[in-house]
Amino acid sequence: SFIDGPITANNPMGVHHAWGRTYKDLWHRFKAMRGFSTRYQNGFDGQGLWIEVEVEKELGFTSKRDIEEYGIARFVEKCKERVLKFAAIQTQQSIRMGYWMDLDNSYHTMSDENNYTIWLFLKRCHERGWIYKGHDVMPWCPRCSTGLSDMEIATEGYEEVVHAGIFLKFPLLDRERESLLVWTTTPWTLTSNVAAAVHPELHYVKVQQGEEYLYLAKAALGVLKGDYKLLEEFAGEKLEGLRYTGPFDELPPQKGVEHRVILWKEVSETEGTGVVHIAPGCGKEDFLLSKEHNLTVIAPLDEFGVFIAGFAWLTGKKVDEVAQPIVQNLSEKGLLYKVEDYPHRYPVCWRCHTELVFRLVDEWFISMDELRPMLMEVAKKIHWIPDFGLERELDWLKNMSDWMISKKRYWGLALPIYECRHGHFEVIGSEVELKERAVEGWEEYEGHSPHRPWIDAVKIRLKECGEVASRIPDVGNPWLDAGIVPFSTLDYRHHRDYWERWFPAQFITEAFPGQYRNWFYALLVMSTVLENRPPFLTVLGHATVRDEKGEEMHKSKGNLILFDEAAEKVGVDVIRWMYALQRPEANLNFGYRVTDEVRRRFFIPLWNVYSFFVTYARIDGWTPQKTQPVEDDLDRWILSRLQFTIRTVTDSLESYDAETASRVIESFVEDLSNWYVRRSRRRFWKSEKDTDKNAAYSTLYRCLVTLCQLLAPFTPFLAEEIYQNLVRSIDSTAAESVHHTAWPEEDSSLIDRPLEADIALVMKVVSIGHAARNLAGIKVRQPLAEVAVVAKTAEERRALERLATPLLEELNVKQLTLADHFSPQEGYVLAEEDGYILGLNTLLTPELKSEGMSREVVRRIQELRKKAGFQIQDRIITYYQAGDSLRKVFQEEGDYIRKETLSEQLIEGELPAEATKDKFKIDGQELTLGVVRK
């Protein structure tokens, strides 16, 4: 059972969406191949501010006033249209990425059932006394004219900005020329100042500058300009109760306000001056202090961030245009000390990026005091991946505020809260209950979706007071929409048996940077309230996709890569494989250099192995037969490696560990390509005995078919291509698709761990030998006389002795010497790694030089064969012109050159006109070659 975190149907998909969707698709395909019945319903998120802002942009709107003039009904229909448009686009993109979902049965958070199920949740909360109307200072977007919840701010709500840091004086009453030195980056809030806060225990000082005396934290002395004289040092509590003249006492709202110093242990001495100006109507902490210290609350802004009537010359001005006039006004009054730029992280609207203000408003909340311990217990019953997920979620649950569920907007969940003028309210739990309770407006509403403005027509009579009440105009927090889907999509209200079958989800996955505070949190809250059960059993959180430089991707920055662009340039399977390889807790830097590296490292070697097999199988007319007896060490080794790969990939995927699974597959493909196929190449040629050749074909075929099944959940298109060609095209009774086949099972009879260890040892020694060649500057094509190896144990020496042939062939060395130790000798190059010592004899005899040159000749002839477009099996005639040394190579090594290049003849002299020809230099000597198909 799977629940899809709904993608916002607001724009085309970017590459960042493909990470989570790769995971979702991977485990659906894996579980299906393992024989499970799976529920894989795709979801679209389509309500809320993110949709509204984009529609406003389309229509050229700049504020909520434009929406009101346009008409709420028309605006809401436009929002619905946008959701359906981009849901269709994202559906096609999902198909393109191989997203195996029930796309024809996708759910929408804007659906009636989703909205009505949230009503049920809210009614349950109300029945327990957890819903209340709060009067509080909240973060507010003046452009969108709505408040934002803590979860929205904590996730994406901060940007680096530069504000004017204003230092100003609050003159103390009854103390001539003495002032508090105060600092702020939000000058508009000074209009509503009522107090100044200091830390009771920090050290404060009184300093003299000219004829003025200033009070500030000792640690903040560095902010002073010019010389000063330190007069006194004391604890902050000594300042408590001092009264001062406010910076805007001339404004009408300040009339009768007594400004005084209060104590607050949250004051910091590392920022500003250690004296914090307090404006309870403009700050959340300030508002809390007003209750504690009985301070006047002045709220200066309307919903558009404009100063309300009564603020004299500021009335009607926007909050973002008053900073400079306020600085000028303070300067004229002699209160300005200095101004300097201050870069810092500041909260912004996560949709329109307007800087937020804090505003005193009425909003609706779900109280978390009783829910908090219940939520934490439910969270502990869930398997969190990565492991730190539980700790992060519990930390959020411990420190979160009450959940603000209301927004003063238009397109979204119509909160089913009906309130009378006296403050009595009820919460309606279903459309059936609303119809039963309606005293007017039902006929006008019936037939419409439960959205504004249609639902606003319905009124009910409250049970407590008997008054006729309207629905509050607010819409809901959009995370309510996504949090309810484990219930709404499973028809919790009507078919409980069906819901019980699929609840809870066994697996969900989303990007974790914000979802611990957003979707995961919303799911926990709503499931705990409705059932006191976990809504999911395992959650895999993954990090963020960034650009190639490691910077966050944003459309506004111009570094966002759209999914279709990436799919066109590099292919979907490459994108999916890159995501599968990534450690989920680490950010991924996406760019085309990175995808090209992935392609070269994995896809090209894999395709080359597949192409090699198909090429030779067609030449020989080979088709799958009954299993051949496995006698060759190479066959037994690679089939044993295959069993290890099957088991490890299976176990890893069962543990939701795609990284380990994909890296094990990469390791197997590397062994298959760089050791098995390369070491077995001659076994596929017609000149070799048929029984060994058939065993090689059977082994490689088995590896490729099994590999395409293992890859099917990761790279569905590549896996399908290989399967259709190797299996379906030969056997029409086989499963129609690789994705319909059963997941490979480990065959214990093919496991040979000692052989795996022995060949791993040989590969290790070969690697060290190549390192020795690199040190000596001698290419592998140049044969050498001897390699001496000092192994760790007698058992390992025996293994190397038994497997001496592949070791010597890989190193292109004539003789292997096994020793207990090795003393440096002239002409030997030493290399060492992990306790293994290897001495390589680099002295070259004339015979070795000749053989090395013959290999260079072979390489040049092979290049010409490729240039001429010859087939692998084509026989040729090779013509050459060379000096004495190279002529001797052709004479002495002719048999080797002919065999390696399929040359029927090696002819010295004039090159025929039809020959494909070129000139080369080998060891400083000129060589002219030409090739003609026989």
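Residues numbered from 1 in each chain as written. Predicted model: local features only at pLDDT ≥ 70, side-chain atom pairs only at ≥ 80, totals over all residues. Heavy atoms only, no water.

J.: A description of helix H22 (residues 658–680) should follow, citing residues and the corresponding values.
T.: Under the 1.5 Å per step criterion, the end-to-end length of H22 is 31 Å for 23 residues, consistent within 8% with the ideal 33 Å. With 17 of 23 residues buried, H22 lies mostly within the body of the structure. Of the residues flanking the start of H22, the one acting as N-cap is Asp657, its side-chain oxygen 3.4 Å from the backbone nitrogen of Glu659. (Helix = DSSP H or I, 4+ residues; strand = E, 2+ residues; numbered from the N terminus. Expected span 1.5 Å × (residues − 1). Buried < 20%, exposed > 50% of the residue type's maximum accessible area, 1.4 Å probe, protein only. Polar contact = N/O pair within 3.5 Å; in protein donor to acceptor, adjacent residues only side chain to side chain.)

J.: Account for the packing of helix H20 (residues 592–620) against helix H23 (residues 690–711), naming residues and giving values.
T.: With their axes 11 Å apart at the nearest point, H20 and H23 run at an angle of 140° to one another. On the basis of their axis angle, the class for H20 and H23 is oblique. Seen from above, H20 lies across H23 with left-handed handedness. On the side of H20, the interface is formed by Phe602, Leu606, Val609, Tyr610, Phe612, Phe613, Tyr616, Ala617 and Asp620, while H23 contributes Lys693, Tyr697, Leu700, Tyr701, Leu704, Leu707 and Leu711. When its residues are assigned to classes, the contact of H20 with H23 shows 14 nonpolar, no polar and 2 charged. (Axes fitted to C-alpha atoms, helices over the stretch in contact; angles between N-to-C directions. Parallel < 35°, antiparallel > 145°, perpendicular 65-115°, else oblique. Left-handed = near helix turned anticlockwise from the far one by under 90°. Contact = heavy atoms within 4.5 Å. Nonpolar A, V, L, I, M, F, W, Y, C, P; charged D, E, K, R; others polar.)

J.: Could you give me a rundown of the environment of Phe536, with the residues and numbers involved?
T.: In this structure, Phe536 sits in the loop between helix H17 (519–530) and strand E26 (538–542). Given the relative accessible area of 1%, Phe536 is considered buried. In sequence terms Phe536 and Asp884 are 348 residues apart; their C-alpha atoms lie 79 Å from each other. Ignoring any residue separated from it by four or fewer positions in sequence, one finds Phe536 in contact with Ile382, Trp384, Pro504, Ala505, Ile508, Phe520 and Leu523.

J.: Give me the pattern of salt bridges: which residues, what numbers.
T.: With the rule as written, the count across this model stands at 82 salt bridges. Between Asp369 and Arg372 there is a salt bridge, and its shortest N-O distance comes to 3.9 Å. By relative accessible area, which is 56% here, Asp369 ends up exposed. Residues Glu746 and Arg647 are paired through a salt bridge, measuring 3.9 Å at the closest nitrogen-oxygen approach. With Glu746 in the loop between helix H24 (716–728) and helix H25 (753–776) and Arg647 in helix H21 (residues 633–654), the pair connects residues that are 99 residues apart, well separated along the chain. (Salt bridge = Lys/Arg side-chain N within 4 Å of Asp/Glu carboxyl O.)

J.: Hey, could you go over unusual backbone geometry for me, with residue numbers and the actual values?
T.: Note: most residues except glycine have negative phi, and most peptide bonds are trans. The peptide bond linking Ile385 to Pro386 adopts the cis configuration, its omega dihedral lying at -5°. Note on placement: Pro386 falls in the loop between strand E16 (383–385) and helix H10 (388–399). Cis geometry is adopted by the peptide bond preceding Pro504, which originates at Phe503 and carries an omega value of 0°. We note that Arg177 has phi near 60°; this positive angle belongs to a residue other than glycine.

J.: Go over the sheet that holds strand E5 (residues 146–147), please, and point to the residues and values.
T.: Sheet architecture is open: 4 strands sit in the order E5-E4-E15-E17, paired in antiparallel fashion. In the strand order of this sheet, the two ends are held by E5 and strand E17 (403–404), each with one partner. (Pairing = 2+ DSSP bridges.)

J.: Give a detailed account of the nonpolar core, specifying residues and quantitative values.
T.: Counting 217 residues, the largest nonpolar core has Phe121, Ile366 and Phe590 as its most contacted members. Sequence-distant contacts of Phe121, defined by excluding residues within four places in its chain, comprise Ile366, Leu480, Ile484, Val525, Met526, Val529 and Leu530. The next biggest cluster of nonpolar side chains, apart from the first, holds 64 residues, and it includes Leu221, Leu242, Leu251 and Leu263. (Core = buried A, V, L, I, M, F, W, Y, C linked by side-chain atoms within 4.5 Å.)

J.: Lay out the environment of Leu800 with the relevant residues and their values.
T.: Residue position: Leu800 is located in helix H26 (residues 794–802). C-alpha separation for the pair Leu800 and Pro473, spaced 327 residues apart in sequence, amounts to 81 Å. Sequence-distant contacts of Leu800, defined by excluding residues within four places in its chain, comprise Leu761, Val762, Val765, Val789, Ala791, Leu807, Leu816 and Leu818.

J.: Which residues make up H24, and what values go with them?
T.: Spanning 13 residues, H24 covers only 16 Å between terminal C-alpha atoms, well under the ideal 18 Å at 1.5 Å per step. Within H24, the full set of buried residues consists of Pro716, Leu718, Ala719, Glu720, Ile722, Tyr723, Leu726 and Val727. Buried residues in H24 make contact with helix H1 (17–33), helix H19 (572–581), H20 and H23.

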